[in-house]
Amino acid sequence: MKPFLKKTLSEYGMSLVLLLLCAYFSVVTWSDQSPAGADGAQQVTEAIARLGGTPRVLIAATSQPDDAAFTARLLTDLPVNGAVVVATASGEPQAAREALQKLAASGGKLDVIACTQAAGGWLVFSDIKTDYPGLGSPQIITPRSYRWPNFLKTANLLNIANQIAIIAIIAIGMTMVIITGGIDLSVGSLLALSAVLVARFIRDYAGGAAASTGGLVLASLAAVVICGGAGAFSGLMITRFRIPPFIVTLAMMLVGSGLAYTLAAGQTIYQIPESFIWLGRGADLFSVPNAVVLMFILYALAHVLMSRMKLGRYLYAVGGNSEAARLSGVPVRRVLLFAYTASALLAGLGGVIMASQLKSGSGNYGNMYELYVIAAVVVGGTSLSGGEGKMPGTLIGAFTIAVIQNGMNLTNVESYTQKVVLGLVILGAVLLDRLRHQARL
Amino acid sequence: MSAGAPLLAMRGMVKSFPGVRALRGVDLSLEKGEVLALLGENGAGKSTLMRVLGGAHPADEGTIEMEGKVVTLTSPQASRAAGVAVIYQEFNLVPGLTAVENIFLGREVTHAGFIGRQAERQRAAELFRRLGVELDLAVPCRQLTTAQQQLVEIAKALAFDARVIVMDEPSAALTSHEVERLFVIIRELRSRGIGVIYISHRLDEVFTIADRVTILRDGQNVGERPIGGISRHGMIGMMVGRELKDEFPARTTMPGPVRLEVMGLRRGRMVQDVSLTIRRGEILALAGLVGAGRTETVRLIFGADVREAGEIRLDGRVLDISSPRDAIAAGIGLLTEDRKLQGLVLRHSVRENFALPNLERLSTRGFVIMAEEQAEFGRYVEQLRIKIPHGEERAGNLSGGNQQKVVLAKWLARNCEVLIFDEPTRGIDAGAKFEIYLLLNELAAQGKSILMISSELPEVLGMADRVIVMHEGRITGEIENARQATQEQIMQLAVA
């Protein structure tokens, strides 16, 4: 039993931690939920349909977007289910009072008041029997409330995925670099450079806010490729001149950041068409954001690369023992060049996604991102000494960080405290990794 | 201290690692002023037993007594405090520190908090004088040769004035001259009442230096004999559990036409104008003392270092070799001297290590064909009788002999035309050695050209068709018919 437990912990330790975190935040954000909008309307329609006959219905809701959707849905669904909508009150209680008065004056009966939770509390409805005896005794039907954790709401989960997508995508390249035994500090700056470049290309060459789709694609590709060039340059410095990766990418971090601010002239570039936000904010597939879909696709590809392809084996071998790899005929320099170029390309892609999410480009994007990215990789179980690590691990690492941040936001933890907690979590993850290594010896 | 108690007594030592029971209740005793040879095949548990004694791996069960008093050795510090010094096969030196700094690491000679560099230097110099070697005390250890680093290790243990000194394969990296000097030291230690445990695969040395032998097999003590009460054959028989007939298998095939030609190879002081040829189906031995430039020469042929001058031809065609990759593509393979640093990725699985030079062949359009990789690996595991629990075992967890077999499998699968073996049997037990000799012969019979570096003269004479001897970066002689040559002939060329 004990070796089994050990193996489970070492292979799936971080996923377990992630699950526990999710469970914890689910419990602490357990609260009353009332279905709103179309969902609420559907519930109310079903309740009215169960009454049978042709009930006469008054719809009451506030003018919030959710409530407007509620009203609209009821207006189309109720007649189909045999009910008659005799009046609609939107906005203030005053509107409901007027509707009731009109109804009473016309001498009609009222069977049901269909309203949202908020409208159900309006005082107008509490004394109908005495105030408007002619209407009879209408039944108030509201969507039933239920208990469900805020954390586990679909919208929140998608929000987590969307928030971490950029960091997770860049972490793919960082995982490769760290597996080769290196480090890439330049990704945050390259993200900013890419965001500024794509914004400038759109503004200056693709026609600004009137840019065509083709122009947007070309501008994005150009920005990503230029970042890839910067990564290839770092890779060359590391392989040809044997400068430590830490130094080379530290230099590239400063150069990239400086260039980004210079190219943006210290401003935010916002002359970007509405259609550009498709990548960052759009959600075409089952309302999963496009950036998240892209993230999962990239992880699947990277996982195949690392576990099934020759290049993946070479990346591990170079990090595990670069001399043994060289003497076994592994093209060590080319492998390293690939890793740094891939890392920069993905940072460039992250920049384009961020420009799309924020519909602008600025030099201050991606500040400190390199550290969050490295944290995701390390929390995901990749060893900084190289040769070990897995892509799914990094994804889990990224999600662990995102879940902690999101959970603390939901439970109203101060942002400074959040930093402290995050720091301790990273330390804990590495500690877990250490213990696991000791257990293996 | 109870009268008559041995200096060191280990009783019922048990130690398990995941998947392996390395020690299954070993007893061992050592008297004052005794040299005990500890023998056994690789994986028999010798190194593990000594690691237990050195506090590197605390034992699962068993008691250890020093002069009748029970001691617990759960850390290297505890062992040191109990008076045990273990010189491991892998060095324990800080590469960036000098020999002096390494020797006094952790027990620096200080005056009011400042290191007494002069005093340390003098003591270190004195130690090396006793060893009979000259060493640059001012350079970092990483600049020393393997043999020199080994000497620093020995000096370190001597400086420690331990009552029990364990030497795990101390002679593996030494030339015979240096080994003799080591023996002088060991005899001196013995006369001072220090107990020495000497682990070696070289049985000649055991007969020269040891008073008594203890033989391990499969984690158990299978016998103890005074040195006068056992023959060489008897020892090998106890180690392998069977009788070995010949140390070197006979070969019948004759070498064919010239295959590899190396002309005017040059790099720095270590390789000066080296030319040699190897024929089809020939085993050429490159002999010489440690530091003669043999390893450096083969590294140039393999493209591991960049040559300053020289030409390499295979079947008359000039090869453009500027990296190991080029050499491998041309059909040249190199089994390095240092398996752990250069031959294997220790943290990766045996299977992945095996596949590394063969991935080009084992993949299509960049994808590794896992089934084929697995099947081919399985074939070689069986053929070479590699002992592993499963293919996913980490290379670092294997014994030396099995590691060497994995490296061998790597290159055999590559089907190289020219194979360079740098000390192929270093640190390998008699049984595995014989298997490797058989394999060398088989490769030669297949028409491969083999270049073998070996510091063991009987091996050179027993295996090679022809011997080339190097000294200080130059070829000093060639012996055409190795089987009729003598060790003295080679030695004369090697020290010339």
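A brief look at the structure comes next.

Basis of the calculations
- Note on numbering: residues in each chain are counted from 1, in written sequence order.
- Note on labels: chains are lettered from A, ligands numbered from 1, in written order.
- Local features in this predicted model are restricted to residues whose pLDDT is 70 or higher, and side-chain atom pairs enter the listing and the counts only when it is 80 or higher, whereas totals over whole chains, interfaces and linings include all residues.
- Computation of side-chain values: all heavy atoms of the structure, hydrogens and water removed.
- A run of H or I in DSSP counts as a helix once it spans at least four residues, and a run of E counts as a strand once it spans at least two, with each numbered from the N terminus.
- Throughout, radius of gyration means the C-alpha value; the globule benchmark is 2.2 Å times the number of residues raised to the power 0.38.
- When a residue's accessible area, from a 1.4 Å probe over protein chains only, is under 20% of the maximum for its type it is buried; when over 50% it is exposed; and in between it is partly exposed.
- The contact criterion used is simple: two residues touch if any of their non-hydrogen atoms lie within 4.5 Å.
- Only the protein chains shown count as covering a residue, and every accessible area follows the Shrake-Rupley method with a 1.4 Å probe.
- In this charge count, Lys and Arg are treated as positive and Asp and Glu as negative; neither His nor the chain ends contribute.
- In this description, the location of a charge corresponds to atom NZ of lysine, CZ of arginine, CG of aspartate or CD of glutamate.
- Simply put, the buried area is the total loss of 1.4 Å probe accessible area from both parts when two parts are fitted together.
- Salt bridge, as applied in this entry: a Lys or Arg side-chain nitrogen positioned within 4 Å of an Asp or Glu carboxyl oxygen.
- As used in this structure description, the phrase polar contact means that two N or O atoms lie within 3.5 Å; if the pair is within protein, one of them must be able to donate a hydrogen and the other to accept it, and residues adjacent in sequence are counted only when both atoms belong to side chains.
- A 1.4 Å probe that fits but cannot get out identifies a cavity on a 1 Å grid over protein atoms alone, an open set with protein on both sides within 12 Å along at least five of seven lines counts as a pocket, and a residue lines either if it has an atom within 4 Å of a point.
- Grid points are joined across faces, edges and corners, and a volume is the space filled by probe spheres set on the points.
- Throughout, the ten residues Ala, Val, Leu, Ile, Met, Phe, Trp, Tyr, Cys and Pro are labelled nonpolar, Asp, Glu, Lys and Arg are labelled charged, and all others, Gly among them, are labelled polar.
- Note: two strands are recorded as paired if DSSP finds a minimum of 2 bridges between them.

1. Some remarks on the overall build of chain B
Here is step 1: Looking only at helices and strands, one finds 17 helices and 24 strands in chain B.
Here is step 2: Since a compact globule built from 496 residues should have a radius of gyration of about 23 Å, the 23 Å found for chain B is in line with a globular shape.
Here is step 3: Principal-axis analysis of the C-alpha atoms places the extent of chain B at approximately 75 × 50 × 45 Å.
Here is step 4: For chain B, the residues scored as buried account for 55% of the 496 residues in total.
Here is step 5: Contacts in chain B between residues far apart in sequence, at least 24 positions, make up 66% of those at least 6 positions apart.
Here is step 6: Of the accessible surface of chain B, which amounts to about 20600 Å², a share of 49% is contributed by carbon and sulfur atoms.
Here is step 7: Averaged over its 61 positive side-chain charges, chain B has a centre that lies 2 Å from the centre of its 63 negative ones.

2. So, the interface of chain B and chain A
Here is step 1: The interface is formed by 34 residues belonging to chain B together with 29 residues belonging to chain A.
Here is step 2: Taken together, both faces of the contact between chain B and chain A bury some 2500 Å²; the carbon and sulfur share is 52%.
Here is step 3: Looking only at chain B, the three residues that lose the most surface to chain A are B:Arg325, B:Arg347 and B:Leu356, adding up to 24% of its buried area.
Here is step 4: In this structure, the salt-bridge partner of B:Arg394 is A:Glu388, at a minimum N-O distance of 2.9 Å.
Here is step 5: Linking chain B to chain A there are 13 residue pairs in polar contact (both at pLDDT 80 or more).
Here is step 6: Contributing elements (two or more residues each) for the side of chain B that touches chain A: helix 9 (294–302), helix 10 (324–330), helix 11 (339–343), helix 12 (350–355), strand 20 (367–368), helix 13 (370–383) and helix 14 (400–414) of chain B.
Here is step 7: Among the elements that line the side of chain B that touches chain A, the one with the most residues is helix 11 of chain B, at 4 residues.

3. Overview of empty space enclosed by the protein
In this approach the atoms are scanned with a rolling probe the size of a water molecule, which exposes any empty space left behind.
Here is step 1: Across all of its chains, the model carries 5 cavities of 30 Å³ or more by this definition.
Here is step 2: Considering only enclosed or pocket space, the second largest cavity measures out at about 70 Å³ in volume.
Here is step 3: Those elements that place two or more of their residues in the lining of the second largest cavity are helix 13 (310–320) of chain A together with helix 12 of chain B.
Here is step 4: With 3 residues, the top contributor of residues to the lining of the second largest cavity is helix 13 of chain A.
Here is step 5: Among the residues forming the lining of the second largest cavity, the class breakdown is 5 nonpolar, 2 polar and 2 charged.

4. Remarks on the pairing of strand 4 (residues 112–115) of chain A
Residue and element names in this part refer to chain A.
Here is step 1: The two faces of strand 4 match: Val112 and Ala114 on one face and Ile113 and Cys115 on the other face are all buried.
Here is step 2: Sheet analysis places strand 2 (residues 56–61) next to strand 4, joined by 4 bridges and oriented parallel. Directly across from Ala60, in strand 4, lies its bridge partner Cys115.
Here is step 3: Alignment of strand 4 against strand 5 (residues 139–141), held across 3 bridges, turns out to be parallel. Across the sheet, Ile113 pairs through a bridge with Ile140, a residue of strand 5.

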